[in-house]
Amino acid sequence: MSRVQILTVEDGDGEQRLDRWFKRKFPLINQGHIEKLCRKGDIRVDGGRVKANTRLEVGQQVRVPPLPDTEAPSPPKRTRVSDADAKFIRSCVIYRDDYIIALNKPPGLPVQGGSGQSDRHVDALAEALMFDLDEKPRLVHRLDKDTSGVLIMARTRSIAAALTSSFRHRQTRKIYWAAIAGVPHPKNGTIKFGLMKAGGHGARGEGEKMIAVHPNEVDSTEGAKRATTDYAVLAQAGTRTCWAALIPVTGRTHQLRAHMAEIGHPIVGDGKYGGSGQDNMGDGWGAQLGGDISKKLHLHARSLSLEHPVTKARLQLIAPLPDHMARTWETFQWAPSDVPDDPFEEDWG
């Protein structure tokens, strides 16, 4: 059993959750144990009680209670990445400098491990993205498993803190491309339904599904959070489907998917929110177009614009469409070169 320790939050460790900081220092302790220690007041920050999701600041002092020897600090275990996986994840790199790496994440590859996920995910494969540095890149935001596109990683702890703060304070601009069922009217608009997690945690992942809440009822609905999405129709194929640009003004779980489904225009291939058995005959609803159109989710993080954390230059990152979406775009003769990088800054439509 270890003794009580008082550890100071160092430069580069600020702006992160207490539980994540704790697990980096003590890799063998699990989430449940951390939350229990917080509830009992055994873990304290600057002498005060805290929750596991409390954000730490540089210079704060964290009280670490006695821990079993099996939970004493130990260096993080390095994951052995196969040569094939190393080649694969490096092929996804679309930008790299001394501070950040940007990937075009393929659909179907999880960003992190978790319940029901395999050990093959971006965070594990990041060991192959160290290049000339001694530490692996760190995740600073997320994409759903089936969503493709731009994913930023920080190459040092201090850069991770800066980027995390940038995402939290909405200093980045993310534009997604999607094929959606039908054509929404008006063709440019804003969706403001709140979102809350569905009840239950069944085998089908009901606990991860979001329910839309009318904006007037968000404040009175327990667990609901406000959410805002901007959309713009860029091209259409009759009334059956259209190509839309989407901006998640807020960053809620499954926000774009839940919002588009709520207005009757789910994203093509979205079995969770659009119904896997629904055929699309036009004017909305039905997430499957049939024919030669892939049944995979048609949602892609096309671009991400942000201020570089060191140079302060504006960085614009663009990711090409994944194969299944590129085939759909070709089928409908939608050409990426025909639309502006940011249609929300143009007089579009």
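In this text the structure is predicted, and so the values were computed from the model without any measurement.

Peer 1: Hey, could you run me through the overall build of the chain in this one?
Peer 2: The helix and strand inventory of the chain stands at 8 helices and 16 strands. For the chain, whose C-alpha radius of gyration is 22 Å, the value lies close to the compact-globule estimate of 20 Å for 349 residues. The C-alpha extent of the chain, read off along each of the three principal axes, is 70 × 50 × 35 Å. The 349 residues of the chain split such that 48% are buried. If you take every contact in the chain between residues at least 6 apart in sequence, the share linking residues at least 24 apart comes to 64%. Surface accessibility of the chain: about 17700 Å² in total, with carbon and sulfur atoms responsible for 46%.

Peer 1: In this structure, what is going on with the environment of Arg302? I would like to understand it.
Peer 2: Among the secondary structure elements, Arg302 is positioned in strand 15 (residues 299-307). Taking the C-alpha atoms as reference, Arg302 lies 6.5 Å from Val150; in sequence the two are 152 residues apart. If we skip the residues at most four places from it in the chain, Arg302 touches Val150, Ile175, Tyr176, Trp177, Leu317, Ile318, Ala319, Pro320, Leu321 and Pro336.

Peer 1: Would you mind showing me how to read the packing of aromatic side chains here?
Peer 2: Each aromatic ring pair is characterised by the separation of its centres together with the angle its planes make. On inspection of all chains with the given rule, the structure shows 7 aromatic pairs. Between Phe22 and Phe26, the aromatic rings sit 5.0 Å apart at their centres with planes inclined by 35 degrees, giving tilted as the arrangement. Look at Phe22 and you get buried, because its relative accessible area is 0%. Judged by relative accessible area, Phe26 falls into the buried class, the value being 1%. Aromatic rings pair up to connect Trp177, Trp243, Trp329, Phe332 and Trp334 into one cluster. Taking the ring centre of Phe131 as reference, the NZ or CZ of Arg96 above it sits at 3.8 Å. In this arrangement the basic side chain of Lys209 is found over the ring face of Tyr273, its NZ or CZ atom lying 5.5 Å from the centre.

Peer 1: Before we go on, may I ask you to explain the nonpolar core in this structure?
Peer 2: Where a protein is soluble and globular, its nonpolar side chains tend to be buried together. If you look at the biggest cluster of nonpolar residues, it comprises 33 residues, and the most contacted ones within it are Leu103, Leu246, Ile267 and Leu299. Counting residues domain by domain, this core receives three or more from each of domain 2 (83-169) and domain 3 (173-332). The residues touching Ile267, leaving out its near neighbours within four places in the chain, are Ala178, Ala179, Ile180, Leu246, Leu256, Arg257, Met260, Ala287, Leu297, His298 and Leu299.

Peer 1: Hey, could you run me through the UniProt feature "active site" (unreviewed entry) in the chain in this one?
Peer 2: The sites that UniProt annotates as "active site" (unreviewed entry) are Asp144. With a relative accessible area of 25%, Asp144 lands in the partly exposed category. Other than its neighbours up to four places away in sequence, Asp144 contacts Lys105, His254 and Arg257.

Peer 1: Explain the side chain of Asn104 to me, please; I cannot follow it from the model alone.
Peer 2: Relative to the helices and strands, Asn104 resides in strand 6 (residues 100-105). Separated by 3.1 Å, the side chain of Asn104 and the backbone oxygen of Pro320 make a polar contact. If we ignore the near neighbours within four places in the chain, the residues touching Asn104 are Cys92, Ile94, Gly149, His300, Ala319 and Pro320.

Peer 1: For this particular structure, what's the right way to read the packing of helix 1 (residues 18-25) against helix 2 (residues 31-40)?
Peer 2: In a packed pair of helices, the relevant descriptors are the angle between the two axes and the axis-to-axis distance. Running from amino to carboxyl end, helix 1 crosses helix 2 at an angle of 120 degrees, the nearest separation of the two axes being 10 Å. On the basis of the axis angle, helix 1 is oblique to helix 2. The way helix 1 lies across helix 2 gives a crossing that is right-handed. Note on element contacts: helix 2 touches helix 1 through Gln31, Ile34 and Cys38, opposite Leu18, Asp19, Phe22 and Lys23.

Peer 1: Sorry if this is basic, but what is going on with the pattern of salt bridges here?
Peer 2: Between side chains of opposite charge, a pair can form as their charged atoms come close. Under the criterion given, the structure shown has 11 salt bridges. Asp42 serves as the salt-bridge partner of Lys40, at 3.6 Å between the closest nitrogen and oxygen. Lys136 serves as the salt-bridge partner of Asp123, at 3.5 Å between the closest nitrogen and oxygen. Of this pair, Asp123 sits in helix 4 (residues 122-125) while Lys136 sits in the loop between helix 4 and strand 7 (138-139), placing them 13 residues apart in sequence. For Asp123, a relative accessible area of 21% corresponds to the partly exposed category. Taken together, the salt bridges that share partners define one network made up of Asp144, Arg257 and Asp270.

Peer 1: Looking at this model, I keep getting lost on unusual backbone geometry. Mind explaining?
Peer 2: For residues other than glycine, phi is negative in most cases, and the peptide bonds are mostly trans. Look at the link from His185 to Pro186: it is a cis peptide, with omega at 0 degrees. Residue Phe131 is not a glycine yet carries a positive backbone phi of 50 degrees. Within the chain, Gln333 stands out as a residue other than glycine whose phi angle is a positive 55 degrees.

Peer 1: Help me understand the sheet that holds strand 4 (residues 61-64) in this model?
Peer 2: Within a sheet, neighbouring strands are paired by backbone hydrogen bonds and run either parallel or antiparallel to one another. With antiparallel pairing, the 4 strands of this open sheet are ordered in space as 1-4-2-3. Both outer strands of the open sheet, strand 1 (5-8) and strand 3 (48-49), are each paired with one neighbouring strand and no more. When strand 1 meets strand 4, the two strands line up antiparallel, connected through 4 bridges. Note that in strand 4 the partner of Thr8 across the bridge is Gln61.

What counts, and where the lines are drawn
Residues numbered from 1 in each chain as written. Predicted model: local features only at pLDDT ≥ 70, side-chain atom pairs only at ≥ 80, totals over all residues. Heavy atoms only, no water. Helix = DSSP H or I, 4+ residues; strand = E, 2+ residues; numbered from the N terminus. Rg over C-alpha atoms; globule rule 2.2 N^0.38 Å. Buried < 20%, exposed > 50% of the residue type's maximum accessible area, 1.4 Å probe, protein only. Contact = heavy atoms within 4.5 Å. Areas by Shrake-Rupley, 256 points an atom, 1.4 Å probe, with all protein chains shown as cover. Phe/Tyr/Trp six-rings, centres within 6.5 Å; stacked < 30°, edge-to-face > 60°. Lys NZ or Arg CZ within 6 Å of the ring centre and 35° of its normal. Core = buried A, V, L, I, M, F, W, Y, C linked by side-chain atoms within 4.5 Å. Domains from an automatic or database assignment. UniProt positions renumbered as here; feature names shortened; annotations may be inferred. Polar contact = N/O pair within 3.5 Å; in protein donor to acceptor, adjacent residues only side chain to side chain. Axes fitted to C-alpha atoms, helices over the stretch in contact; angles between N-to-C directions. Parallel < 35°, antiparallel > 145°, perpendicular 65-115°, else oblique. Left-handed = near helix turned anticlockwise from the far one by under 90°. Salt bridge = Lys/Arg side-chain N within 4 Å of Asp/Glu carboxyl O. Pairing = 2+ DSSP bridges.

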